[in-house]
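Reading the structure
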Number of protein chains: 2
Amino acid sequence: MTEADFIALMREVAGTEAARGLYDDAAVFDVGGKLLVATHDMLVEGVHYRASDAPADVAWKLAAVNLSDLAAMGARPLGALVGYCLGEDAWDRAFAKGLGEALAHFGLPLLGGDTVASSTRILGLTAFGIAERAPPGRGGARPGDMLGVTGTIGDAGAGLEAPADSSLARRYLRPEPRIAAGAMLAASASAMMDVSDGLLIDAARMAEASGVSIAIALEKIPLSLAFIQARGETLEARLFAATAGDDYELLFASEAADTPIGTVDDGAGLRLTFEGRPVPLPERLGWEHRGG
Amino acid sequence: MTEADFIALMREVAGTEAARGLYDDAAVFDVGGKLLVATHDMLVEGVHYRASDAPADVAWKLAAVNLSDLAAMGARPLGALVGYCLGEDAWDRAFAKGLGEALAHFGLPLLGGDTVASSTRILGLTAFGIAERAPPGRGGARPGDMLGVTGTIGDAGAGLEAPADSSLARRYLRPEPRIAAGAMLAASASAMMDVSDGLLIDAARMAEASGVSIAIALEKIPLSLAFIQARGETLEARLFAATAGDDYELLFASEAADTPIGTVDDGAGLRLTFEGRPVPLPERLGWEHRGG
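About the thresholds
- Residues numbered from 1 in each chain as written.
- Chains lettered and ligands numbered in written order.
- Predicted model: local features only at pLDDT ≥ 70, side-chain atom pairs only at ≥ 80, totals over all residues.
- Helix = DSSP H or I, 4+ residues; strand = E, 2+ residues; numbered from the N terminus.
- Rg over C-alpha atoms; globule rule 2.2 N^0.38 Å.
- Buried ≥ 20, exposed ≤ 12 C-beta atoms within 10 Å, placed from the backbone.
- Pairing = 2+ DSSP bridges.
- Axes fitted to C-alpha atoms, helices over the stretch in contact; angles between N-to-C directions.
- Contact = placed C-beta atoms within 7 Å.
- Nonpolar A, V, L, I, M, F, W, Y, C, P; charged D, E, K, R; others polar.
- Least-squares fit on C-alpha atoms with pLDDT ≥ 70 in both.
- Domains from an automatic or database assignment.
- Parallel < 35°, antiparallel > 145°, perpendicular 65-115°, else oblique.
- Left-handed = near helix turned anticlockwise from the far one by under 90°.

Each helix and strand in chain A was counted, giving 9 helices and 12 strands. For 292 residues, the compact-globule estimate of 2.2 N^0.38 gives 19 Å, and chain A sits close to it at 18 Å. Considering only C-alpha atoms, chain A reaches an extent of 55 × 50 × 35 Å along its principal axes. A buried classification covers 57% of the 292 residues belonging to chain A.

Printed below as a string of structure tokens:
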């Protein structure tokens, strides 16, 4: 069964308005007049990280992917529960130390969790945050909106094959969730989500959830100097960047955007252009059944 | 590394008062003047449930073990996030249906979650609840308190080897977390926790967290008629019941208890008696490194 199939089944059983977490990056519910935002993301060895990745980097990523979901909801972090699979002593010790450092870096207190023993390492983290206002969600994009992103795209994808000490590898190993940008954008964006599976697939999801079409001008996607040096800025390089995933930037639709990468229109689906000419959609828009 | 070792490392990095979840069954934090209680428990196939167990029973258990942690904190359920490992279609479908039924039974709305693909099935659930008052926690037992439990002990343990349609098997497959009892007891108990790993090991943990000794009169442990019919009520049967785990009853210390099973005294550790005579502690007090 695919993730989409399972989520469809869960939507049937959820039966509550708070379950926007089944559509959006996180659930939102009212607690004492505050908007509590909660998200749970898992990392599986060999799927979401490489077995050779340093335990401290994995711990960082586990915190970061969840904080990125909070960021997408415009929420400030409040605390975390961790679900950990015990393994070899040295790995566990390095993970614990790295998790402590990551949580301190992100200002995310550890509140509790659970440990189990398992041959396959699956790591989970639940992050809570508080949103100052009702999050835009991914379903609010309106025709006439501009489409924007909070930073460069494709670095993490290029970082997978870059030397471990390069800035590109760092973007893959140590993503920085856009908490501050998310909290600011939540005031003006009509739709917002994080880019985890790939810019194109995530934009297509925003279009679908919003009942609109989205057009992206590939030449406007921001690329870092390090990315351009490694991969160039050809159409091919830009399609690689836009489908690579693991960016953890925020994608948003809003009436105005400083450096828009596209537009929201009537209709449905995703359209691409490069320097004014239409570009057919690549076969793979991003990571589809990976979860996370 | 054992669970205790990892939790010790996590305590070093937690550094916040809200992290009572690292000692207690769940974390408690203030949101808008409300006490939000959050817990995350995982189930691993072959450890916490049998590969042959029906998916709907596994789904039930996943919800119940987390709700039992809320119950131990005197909290009423608010919502859940689920972390699911996708597998074969039929199993996934039956799990989703069963989870929907369990959540409806428990009044626990599904708010969101995550799915991943993995060869080993590890299931996680985060449950949130609201406590009307600061939960007693496991560390508040005082010399002079009575020790009580909310129901019969040992049924689930005996149920592992009982016919699948028996009441004992049902206690193993479909535990009923003591939400209402927990909310009531939270007002008067000085310490409270759920019995998941075994009455003796959980009582020893309460004694350690409270800095007291606990004495249990084994003949006073409540046994069900079905348990007595299957196992008898000898000392041996009672030691089996008290170390079997998976009871999901609440263990509490309080100034008064209707049918106390023991007492709280100065000192440290756990002491057992049977009809007035001292009984040496069994080598295994319960499940030690299982998590959950």
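Residue and element names in this part refer to chain A. Pairing within the open sheet is mixed, and its 5 strands lie in the order 1-2-5-3-4. The open sheet has two free edges, formed respectively by strand 1 (27-31) and strand 4 (110-117), since each of these has just one partner strand. Recorded for the sheet is a direction-independent mean angle of 20 degrees between the axes of neighbouring strands. Of the pairings in the sheet, the one linking strand 2 (residues 34-44) to strand 5 (residues 122-131) comprises 10 bridges and is antiparallel in character. The residue of strand 5 that forms the bridge with Met42 is Gly124. Contacting strand 2, strand 3 (75-86) and strand 5, helix 2 (residues 55-72) crosses the sheet at an angle of about 145 degrees to strand 2.

Right, let's talk about the sheet that holds strand 1 (residues 27-31) of chain B for a bit. Residues and elements named next belong to chain B. One open sheet accounts for 5 strands, arranged 1-2-5-3-4; its pairing is mixed. Pairing within the sheet leaves two strands with one partner each, and these edge strands are strand 1 and strand 4 (110-117). Averaged over all pairs of adjacent strands, the angle between their axes in this sheet comes to 20 degrees, without regard to strand direction. Two elements, strand 3 (residues 75-86) and strand 4, share 7 bridges in a ladder whose sense is parallel. Counterpart to Val82 in the pairing with strand 4 is Gly113.

How large an interface is tends to be reported as the accessible area lost when its parts come together. Listed as interface residues are 59 residues of chain B and, on the opposing side, 59 residues of chain A. If you list the elements that add at least two residues to the side of chain B that touches chain A, you get helix 1 (3-14), strand 1, strand 2 (34-44), strand 3, helix 3 (89-106), strand 4 and strand 5 (122-131) of chain B. Taken together, the residues of the side of chain B that touches chain A sort by class into 31 nonpolar, 20 polar and 8 charged.

With that settled, the discussion passes to the relation of the copies chain B and chain A. With an RMSD of 0.0 Å, the operation that places chain B on chain A is a rotation of 180 degrees combined with a shift of 0.0 Å along the axis. Read as a symmetry element, the transformation amounts to a two-fold axis. Among all C-alpha atoms of chain B, that of Gly32(B) lies closest to the rotation axis, at 2.4 Å.

All names here are of chain A. Along its sequence, chain A is organised into domain 1 (36-131) and domain 2 (146-279). Taken together, the contacts link 16 residues of domain 1 with 16 residues of domain 2. Of all elements in the fold, only helix 2 and strand 3 reach the threshold of two or more residues within the side of domain 1 that touches domain 2. The dominant element in the side of domain 1 that touches domain 2, judged by the number of residues it contributes, is helix 2, at 11 residues. Looking at the side of domain 1 that touches domain 2, its residues break down into 9 nonpolar, 2 polar and 5 charged.

Residue and element names in this part refer to chain B. Helix 3 packs onto helix 2 (residues 55-72) with a crossing angle of 40 degrees between their chain directions and a minimal axis gap of 7 Å. The orientation of helix 2 relative to helix 3 falls into the category oblique. By crossing handedness, the relation of helix 2 to helix 3 is classed as right-handed. Contacts from Pro55, Ala56, Val58, Ala59, Trp60, Ala63 and Leu67 in helix 2 reach Trp91, Ala94, Phe95, Lys97, Gly98, Leu99, Glu101, Ala102, Leu103 and Phe106 in helix 3. Classifying every residue of the contact of helix 2 with helix 3 by side-chain character gives 14 nonpolar, 1 polar and 2 charged.

Below, the discussion takes up the environment of Ser196(B). Residues and elements named next belong to chain B. Within the element layout of this structure, Ser196 appears in the loop between strand 7 (191-194) and helix 7 (199-210). The exposure class of Ser196 is buried, given the 26 C-beta atoms found within 10 Å. Considering only alpha carbons, one finds Ser196 and Gly74, 122 residues apart in sequence, at a separation of 16 Å.

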